[in-house]
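Structure at a glance
Here are the chains, one letter per residue:
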Amino acid sequence: MPSIHYILYDGSEYILDALLGESVMIVAKNNNLQGILAECGGACSCATCHVHIDPFWVDRLPPKEVLEEEMLEFVEDADETSRLSCQLKITEDMDGLIVNVPEEQY
Ligand code: FES
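The structure contained in this document is the topic of the report that follows. (Residues numbered from 1 in each chain as written. Predicted model: local features only at pLDDT ≥ 70, side-chain atom pairs only at ≥ 80, totals over all residues. Heavy atoms only, no water.)

The next thing to look at is the overall build of the protein. What the protein contains, in helices and strands, is 3 helices and 5 strands. Along the protein, from the amino end to the carboxyl end, the secondary structure elements read β-β-α-β-α-α-β-β. Here the C-alpha atoms of the protein give a radius of gyration of 12 Å, agreeing with the 13 Å that 2.2 N^0.38 yields for 106 residues. Judged by the C-alpha coordinates and their principal axes, the protein covers about 30 × 30 × 25 Å. Counting over 106 residues, the protein shows a buried share of 42%. (Helix = DSSP H or I, 4+ residues; strand = E, 2+ residues; numbered from the N terminus. Rg over C-alpha atoms; globule rule 2.2 N^0.38 Å. Buried < 20%, exposed > 50% of the residue type's maximum accessible area, 1.4 Å probe, protein only.)

As structure tokens, this is what we get:
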């Protein structure tokens, strides 16, 4: 079972077990993690599930679809490490993935 490391803006860290096929967003929501609002429920239409991926992992994840790219254009502090966590489906290869939850979603 892969585990995902979430680092909140205050520096607190949570290591959560994830089921294959779940999204990084769903794992956070199921564990009541703060900072991932996910107002659209994973439909890729709100961008309130924005996270910054640890640089080590950025090129190890599946590439963004066009819609994710377009939604990230509306995120104020988006950069090359930005992803929408609802669009990241957990695979075995993601064990140990580190995501940073941005302050603006608190
Ligand atoms: S939950 Fe709305 S875009 Fe990810």
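Don't stop here, the text continues.
In the sheet, strand β1 (residues 3-7) pairs with strand β2 (residues 13-17) via 5 bridges, with the strands oriented antiparallel. Note on β2: the bridge partner recorded for Tyr6 is Tyr14. Linkage of β1 to β2, two consecutive antiparallel strands, is achieved through a turn of 5 residues, within which Gly11 is found at a positive phi near 95°. The pairing of β1 with strand β5 (residues 98-100) spans 3 bridges and is classified as parallel. Each bridged residue has a counterpart across the sheet, and for Tyr6 the counterpart in β5 is Val99. (Pairing = 2+ DSSP bridges.)

Moving on: the packing of aromatic side chains. Scanning the entire structure with this criterion turns up 1 aromatic pair. With a centroid separation of 5.7 Å and an interplanar angle of 80°, the aromatic rings of Phe56 and Trp57 are classed as edge-to-face. By relative accessible area, Phe56 is classed as partly exposed at 48%. Look at Trp57 and you get buried, because its relative accessible area is 9%. For Arg60, the ring lying beneath its charged end belongs to Phe56, and the centroid distance is 3.7 Å. (Phe/Tyr/Trp six-rings, centres within 6.5 Å; stacked < 30°, edge-to-face > 60°. Lys NZ or Arg CZ within 6 Å of the ring centre and 35° of its normal.)

Once that is clear, we can look at the pattern of salt bridges. Throughout the structure, instances matching the rule amount to 1 salt bridge. Across the salt bridge formed by Glu68 and Arg83, the nearest N and O atoms sit 2.8 Å from each other. Taken as a pair, Glu68 in helix α3 (residues 66-72) and Arg83 in strand β4 (residues 82-84) lie far apart in primary sequence, 15 residues in all. A single burial state applies to Glu68 and to Arg83, both of which are buried. (Salt bridge = Lys/Arg side-chain N within 4 Å of Asp/Glu carboxyl O.)

It is worth spelling out the sheet that holds strand β3 (residues 50-53) at this point. On the basis of which strands lie adjacent, the open sheet formed by 5 strands has the order β2-β1-β5-β3-β4 and mixed pairing. Edge positions in the sheet fall to β2 and β4, since each of these pairs with one other strand and no more. Looking at each pair of strands side by side, their axes are set apart by 35° on average, direction ignored. Relative to β4, β3 is paired through 3 bridges, and the arrangement is antiparallel. Within the sheet, the bridge partner assigned to Val51 lies in β4 and is Arg83. (Axes fitted to C-alpha atoms, helices over the stretch in contact; angles between N-to-C directions.)

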